[in-house]
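Each chain, written out:
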Amino acid sequence: MALKSLFPWIQTLILLHLPVISPANFTYPAVFNFGDSNSDTGGLAAGVAFPVGAPNGETYFNKPSGRFCDGRLIIDFLMDSMNLPYLNAYLDSVGAPSFRTGCNFAAGGATILPASAAARCPFSFGFQVAQFIRFKARVLELLGKDKRYQKILPSGDYFRDGLYTFDVGQNDIDGAFYSKSEDQVAAFIPTILSEFQAGLERLYDEGAKNLWIHGMGPLGCLPRIIATFGKNASKLDRFGCVDSHNRVANLFNAQLHSLCAKLGSQFIDVNVTFVDIFAIKLNLIANFSQFGFKEAIAACCGYGGGALNYDSRIACGETKSLNLNGSMVSANPCDNATEYVNWDGNHYTEAANSFVSSQLLSGWISVNLQLWKLKWAEMQVLEVRWFPTQYIILKDDHDKEVNSILDPIGSQNEDWDGEVEIIDHLNQKNEAYEP
């Protein structure tokens, strides 16, 4: 039976607590980041000399900064909120970079699963974890020899007290769609997350206690995906996004929720925070004009105009010939990137990243799974509602799932007040837990 008719079968019941996260209590001495181009601050450019040239960086840095963006990324805004300097890439050694308050292991194109020999980026999640382990060992070795290194390296307790951030997995799902059906991609998710779990457990063994994990964004809303898989209008939703990719992204997030809950129960000394990036970004795309944007889907920096302003043959900033007559065309940036949600067909603008960051720092849809361990186990059949994204999970007394629905759009009109509503159908008893 197709995923579309079953979606989404959630494997494990998750009870959610929604804390209020604000700049006042979002404070850590250091940040260690792992991921792909959504949080890469120069890793791929340094590691394989990948060209991330102008106009990238023009809005904030006034020059290319190794970021696939016109300016700052979400990770940059998180650092800003803690009054910490932006993270330097682990692989970028030029200019004697400081790692005093953390290090960025993310690299554009990175996957969770080990990279293939033909992959543009060899620095998969497991590779990044290995880099961190070496980084930590080398830091402690140097600090043991000379305390003066404390000026540029994190102290030992920062590895315990620091924040470990993750934004990875999108490229695994994205790439799989080029050779697999939607159902096959969906069936591939447990394999991906098993590798992710192994990496998290390795980091836990190294002392990681504060995990900040981003879910996948609305993959089907990227111009590149729409241009490739959305040629048939029947494949698109009401926002013009590719349905299949967003369904699988949501399924990935549901299973990632389950993994986070499992880790929170398995390691009682770990704080796990899941951030529903999908809901935040989809809310921005669905209501872009309310937030001051003029274009929700079209790329700011691209070629071709129209609804997407994207052509896979020419990347942002390039000038080349696309036809036999030799005439040259350019993929130039728009006049005002702050009016666009999408930057280059694959990544978000600084303005969009700023919006997303402000939402997650206000605790709009951040889920702390540490506080809930056993309460839900007392109930035999539960309905869990989480607004504005809504999960409904029904289970019988043998923990067998009998129904589940994920409706990221239909619950947009619900009044969300920061509560999680737990309904015990068996005993006809309702309980509402507030943060």
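Please refer to the structure placed before this passage.
In this report, we go over the structure that sits alongside the text. In this text the structure is predicted, and so the values were computed from the model without any measurement. (Residues numbered from 1 in each chain as written. Predicted model: local features only at pLDDT ≥ 70, side-chain atom pairs only at ≥ 80, totals over all residues. Heavy atoms only, no water.)

### Focus: the overall build of the chain
Helix and strand content of the chain: eleven helices and 15 strands. A total of 435 residues make up the chain; the buried ones form 56% of that total. For the chain, the share of sequence-separated contacts (at least 6 apart) that also reach a separation of at least 24 residues comes to 70%. Accessible surface, the chain as shown: approximately 18,200 Å² in total, 51% of it carbon and sulfur. (Helix = DSSP H or I, 4+ residues; strand = E, 2+ residues; numbered from the N terminus. Buried < 20%, exposed > 50% of the residue type's maximum accessible area, 1.4 Å probe, protein only. Contact = heavy atoms within 4.5 Å. Areas by Shrake-Rupley, 256 points an atom, 1.4 Å probe, with all protein chains shown as cover.)

### Some points on the pattern of salt bridges
Across all of its chains, the model carries 14 salt bridges by this definition. Between Arg148 and Asp146 there is a salt bridge, with its nearest N and O atoms 2.8 Å apart. For Asp146, a relative accessible area of 22% puts it in the partly exposed group. Among the charged side chains, a salt-bridge network with shared partners connects Arg72, Asp80 and Glu350. (Salt bridge = Lys/Arg side-chain N within 4 Å of Asp/Glu carboxyl O.)

### A word on helix α3 (residues 74–81)
Within α3, seven of the eight residues are buried, leaving the element largely enclosed by the surrounding structure. Every buried residue belonging to α3 is among Ile74, Ile75, Asp76, Phe77, Leu78, Met79 and Ser81, and all of these are buried. Looking at the buried side of α3, the elements it contacts are β1 (31–35), β3 (163–167), β4 (210–214), α10 (277–286) and α11 (350–361). Of the residues one or two after α3, Asn83 is the one with positive phi, at around 55°.

### Thoughts on unusual backbone geometry
Here the amide bond leading from Ala54 into Pro55 is cis, since omega sits at 10°, within 30 degrees of zero. Relative to the helices and strands, Pro55 is located in the loop between α2 (43–48) and α3. Its identity as a non-glycine residue notwithstanding, Asn309 has a phi of 50°, on the positive side. Residue position: Asn309 is located in the loop between β6 (295–299) and β7 (319–321). Judged by relative accessible area, which is 14%, Asn309 ranks as buried.

### Structural notes on the packing of aromatic side chains
Scanning the model with the defined rule gives 29 aromatic pairs in all. Centroid distance Phe26 to Tyr28: 5.8 Å. Interplanar angle 80°. Geometry classified as edge-to-face. According to the relative accessible area criterion, Phe26 is buried, its value standing at 2%. Centroid distance Phe105 to Phe132: 5.9 Å. Interplanar angle 80°. Geometry classified as edge-to-face. Residue Phe105 is located in the loop between β2 (102–104) and α4 (125–145), and its partner Phe132 is located in helix α4; the two are separated by 27 residues in the primary sequence. Judged on exposure class, the residue Phe105 and its partner Phe132 are both buried. (Phe/Tyr/Trp six-rings, centres within 6.5 Å; stacked < 30°, edge-to-face > 60°.)

### Focus: the packing of α3 against α11
Orientation of α3 relative to α11, taken along the N-to-C sense of each, is 50°, at an axis distance of 8 Å. Judged by the inter-axis angle, α3 sits oblique to α11. The element α3 and its partner α11 pack so that their crossing is right-handed. When α3 is examined against α11, the residues Ile74, Phe77, Leu78 and Ser81 are found in contact with a partner set consisting of Glu350, Asn353, Ser354, Val356, Ser357, Leu360 and Leu361. Across the contact of α3 with α11, the residue classes break down as six nonpolar, four polar and one charged. (Axes fitted to C-alpha atoms, helices over the stretch in contact; angles between N-to-C directions. Parallel < 35°, antiparallel > 145°, perpendicular 65-115°, else oblique. Left-handed = near helix turned anticlockwise from the far one by under 90°. Nonpolar A, V, L, I, M, F, W, Y, C, P; charged D, E, K, R; others polar.)

### Side note on the packing of α10 against α11
When two helices pack together, their arrangement is given by the angle between the helix axes and by the axis-to-axis distance. Between α10 and α11, the least distance of the axes is 10 Å, while the angle of their chain directions is 125°. As the angle between them shows, α10 and α11 are arranged oblique. Crossing hand, α10 versus α11: right-handed. On α11, the residues that touch Ile277, Ile280, Lys281, Asn283 and Leu284 of α10 are Ala352, Phe355, Val356, Gln359 and Leu360. Of the residues assigned to the contact of α10 with α11, the class counts are seven nonpolar, two polar and one charged.

### Quick word on the nonpolar core
Within the largest apolar cluster, 87 residues are counted, with the highest numbers of intra-cluster contacts made by Phe166, Ile173, Phe196 and Leu360. Core analysis: the second largest hydrophobic core is formed by eight residues, Ala298, Cys301, Cys334 and Ala337 among them. (Core = buried A, V, L, I, M, F, W, Y, C linked by side-chain atoms within 4.5 Å.)

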